[in-house]
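The lines below spell out each chain.
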Amino acid sequence: MSARTDRYLLGAVPKSGTTAVREILLTQGRNPDALPSTHGPLSRVSPRDLGDRQRIACIRDPPGWYVSLYFHTLRHSELLRRSPWLHPNEGPPLSFRDFLRGATDPRRAPDGALAWICTWLPKEVIEAQEIRQVGLWTITVQYLLGEPSLWRSGEGAWLAEIFINTARLLPALERLLGEPIQGQFLAPRNTRAQSPEAPLDDSVLYGPDELRWAEQADGVLQEAFDLSPFGATTWTLKERAP
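Residues numbered from 1 in each chain as written. Predicted model: local features only at pLDDT ≥ 70, side-chain atom pairs only at ≥ 80, totals over all residues. Heavy atoms only, no water.

K.L.:
Where do I start with a negative patch on the surface in this structure?
P.N.:
Together, Asp 111, Glu 124, Glu 127 and Glu 130 give the surface a local cluster of negative charge. Along the chain, the position of Glu 127 falls in helix α7 (residues 123-132). For Glu 127, a relative accessible area of 40% corresponds to the partly exposed category. (Patch = residues over 30% accessible without salt bridge, like charges linked within 9 Å, V, L, I, M, F, W, Y side chains within 5 Å. Areas by Shrake-Rupley, 256 points an atom, 1.4 Å probe, with all protein chains shown as cover. Salt bridge = Lys/Arg side-chain N within 4 Å of Asp/Glu carboxyl O. Lys, Arg positive; Asp, Glu negative; His and termini not counted. Charge placed at Lys NZ, Arg CZ, Asp CG, Glu CD. Helix = DSSP H or I, 4+ residues; strand = E, 2+ residues; numbered from the N terminus. Buried < 20%, exposed > 50% of the residue type's maximum accessible area, 1.4 Å probe, protein only.)

K.L.:
Can you help me understand the pairing of strand β4 (residues 54-59) in this one?
P.N.:
Within a regular beta strand, the side chains point alternately toward one face of the sheet and then the other, so they alternate between its two faces. Within β4, 5 of the 6 residues are buried, which leaves the element mostly enclosed by the surrounding structure. Relative to strand β5 (residues 162-165), β4 runs parallel, the two being bridged by 4 bridges. Within β5, the position partnered with Ala 57 by the bridge is Phe 163. (Pairing = 2+ DSSP bridges.)

K.L.:
What's the story with the pattern of salt bridges in this structure? I'm lost.
P.N.:
Close approach of charged atoms allows side chains of opposite charge to pair. The final tally for this structure, using the stated rule, is 10 salt bridges. Between Arg 30 and Asp 6 there is a salt bridge whose closest N-O contact spans 3.6 Å. With a gap of 24 residues between them, Arg 30 in the loop between α1 (18-28) and β3 (33-34) and Asp 6 in the loop between β1 (3-4) and β2 (8-11) connect regions that are remote in the sequence. Residue Asp 6 is classed as partly exposed on the basis of its relative accessible area of 30%. Salt bridges sharing partners connect three or more residues here, namely Arg 97, Asp 209, Glu 210 and Arg 212.

K.L.:
Explanation requested: helix α12 (residues 208-222) in the structure shown.
P.N.:
Three- or four-residue spacings in an α-helix give side chains the same orientation, since the helix completes a turn every 3.6 residues. When the terminal C-alpha atoms of α12 are compared, their 18 Å separation across 15 residues is substantially less than the 21 Å that a helix rising 1.5 Å per residue should span. Gln 216 marks the point of greatest bend in α12, at about 50°. Residues of α12 that are buried in the fold lie against α3 (62-75), α5 (96-104) and α8 (136-145). (Expected span 1.5 Å × (residues − 1). Bend = angle between axes of the 7 residues up to and from the residue. Contact = heavy atoms within 4.5 Å.)

K.L.:
Any chance you could explain the environment of Leu 145 here in plain terms?
P.N.:
Residue placement: Leu 145 occurs in helix α8. A sequence separation of 88 residues divides Leu 145 from Ala 57, and the C-alpha atoms of the two residues are 7.7 Å apart. In this structure Leu 145 touches Val 13, Leu 42, Ala 57, Ile 59, Trp 158, Leu 159, Ala 160 and Phe 163, once residues within four positions along its chain are discounted.

K.L.:
Would you explain the sheet that holds β4 in this entry?
P.N.:
Strands in a sheet are paired, the pairing made by backbone hydrogen bonds, and the direction either parallel or antiparallel. Across the sheet, which stays open at both edges, the 6 strands sit in the order β3-β1-β2-β4-β5-β6 with mixed pairing between neighbours. The open sheet terminates on both sides in strands that have one partner only, identified here as β3 and β6 (234-236).

K.L.:
Even after reading the chapter, I still don't get the pairing of β5, so can you show me in this structure?
P.N.:
Burial along β5 is two-sided: the residues Ile 162 and Ile 164 and Phe 163 and Asn 165 are all buried. Sheet topology note: the β5/β6 ladder contains 3 bridges and is antiparallel. Across the sheet, Ile 162 pairs through a bridge with Thr 236, a residue of β6.

See the structure below:
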């Protein structure tokens, strides 16, 4: 969780627009209350912290999420220095193709390598990812936004009650807040803006193999959400998620 108002408590999912949403809620939300900006799971939110608020969270499409995570990792040189997998033989960083292969199939990544990247995931969650053979995106969303049984087995309840389509972030927040988003938040804030080497079009990095890997690893959960740029801005569990 990273912010709450008198109506909402925000569940944080890395690389999904949470930082932008937090700033907007703390500026435009009624009676905003800043909480520690962490990527802890909603399952740890106490009834006292929750009160009668609705739990909201942002959901981003897996292909875009992996691209953002990759370039976020490249920007943090300490991650490269500490992980031979990410920075093999101290040469050029790991290619996006090899990064995605390990993120969608942890058996392809050296033991402990994903823990360097996903500091929000405890060791047992990464172990469950390998056992269940799901992608890093799937296990992250299930761990942070669901009951513990959801990431352990894939079966369980979601704790987020309203989901925001990151592809339509500003319209979604205007719908929730009931007012236009202030001008200082209208400029895009994303990995591309901070990483000149990132392509403007994610499809440049995705060939047939990469698309197949993402589909195999995350397709089941992705189909439960409408994450296209033309999908719903917000939805509830009854409307969209299983």
